[in-house]
Amino acid sequence: MGVRLDRIDEDVWQQMIDVNLSGVWKSVKAAVPHLDSGASIVLTSSVAGLKAYPHTGHYVAAKHGIVGLMRSLAVELGPRNIRVSSVHPTHVNTPLLINDNTFRLFRPDLENPGRDDFAPICRTFHILPIPWVTAEDISNAVLFLASDESRDITGVALPVHAGSCLK
């Protein structure tokens, strides 16, 4: 499926870090001067920011980097009453996951695999008996962290993962 971390092409490594870590840092860097007391920054990472998976080390490293970025920002911006946390989704039912290329990647044994053929594989990642979460599940977590309901929460890595980190 992927490549071992010690064999990843340097350009592939750099592109992953540039997009998934440096891009997040640049976005926060641009936004912070415009934030007032009580603001909340919510970064999007992944379950791969909380645990490792084989053959995706560049992605895992970038997503773990988001956790370090989030925690550092929470410490630095907390005195200004700006909260910083992150959400960590598992598989999400969006076209990024639910597509023919992914189906074929995970089910090469089938001629024309579909969503129903792929779902049991995704279920194996979770404790709850579901293959994936929805974009609305992730949005609700972000909305909570951005809302006044979480006014005393900062520096939290919130998994939305159907129990994936328990495996």
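For clarity, every value in this text was computed on a predicted model and none was experimentally measured.

One can find Ala-162 in the segment after strand E3 (157-160). For Ala-162, a relative accessible area of 9% translates into the label buried. Expressed as a C-alpha distance, the spacing of Ala-162 and Ile-127, which sit 35 residues apart in the sequence, is 6.0 Å. With residues near it in sequence (within four places) discarded, Ala-162 still touches His-126, Ile-127, Leu-128 and Ile-130.

Turning our attention to the packing of aromatic side chains. Enumeration according to the criterion identifies 4 aromatic pairs in this entry. When the centroid spacing of 5.7 Å and the interplanar angle of 50 degrees are considered together, the rings of Phe-103 and Phe-118 count as tilted. Note that Phe-103 is positioned in helix H3 (residues 100-106) and Phe-118 in helix H4 (residues 115-123), a separation of 15 residues in sequence. Residue Phe-103 is classed as buried on the basis of its relative accessible area, which comes to 6%.

With that settled, consider helix H5 (residues 135-146). Here H5 contains 12 residues, and its C-alpha end-to-end distance of 16 Å stays within 8% of the 16 Å for a straight helix at 1.5 Å per residue. Ile-138, Ala-141 and Leu-145 are the residues of H5 that are buried. The buried side chains of H5 occupy one side of the element, clustering within an arc of 60 degrees when seen end-on. Residues Glu-136 and Leu-143 are exposed on H5 and point more than 90 degrees away from its buried face. Those residues of H5 that are buried lie in contact with strand E1 (40-44), strand E2 (83-89) and E3.

For the rest of this paragraph, the subject is the pairing of E2. With 7 of its 7 residues buried, E2 lies for the most part within the structure. Of the two faces of E2, both are covered, the one formed by Arg-83, Ser-85, Val-87 and Pro-89 as well as the one formed by Val-84, Ser-86 and His-88. Note: E1 against E2, 5 bridges, orientation parallel. Each residue of the ladder has a partner; that of Ile-41, found in E2, is Val-84. Handedness of the crossover is the feature at issue here: the chain leaves E1, passes through helix H2 (residues 57-77), returns alongside E2, and the resulting connection is right-handed. Pairing between E2 and E3: 4 bridges, direction parallel.

Conventions adopted
Residues numbered from 1 in each chain as written. Predicted model: local features only at pLDDT ≥ 70, side-chain atom pairs only at ≥ 80, totals over all residues. Heavy atoms only, no water. Helix = DSSP H or I, 4+ residues; strand = E, 2+ residues; numbered from the N terminus. Buried < 20%, exposed > 50% of the residue type's maximum accessible area, 1.4 Å probe, protein only. Contact = heavy atoms within 4.5 Å. Phe/Tyr/Trp six-rings, centres within 6.5 Å; stacked < 30°, edge-to-face > 60°. Expected span 1.5 Å × (residues − 1). Arc of directions from axis to C-beta. Pairing = 2+ DSSP bridges. Right-handed = clockwise from strand over helix to strand, strands pointing away.

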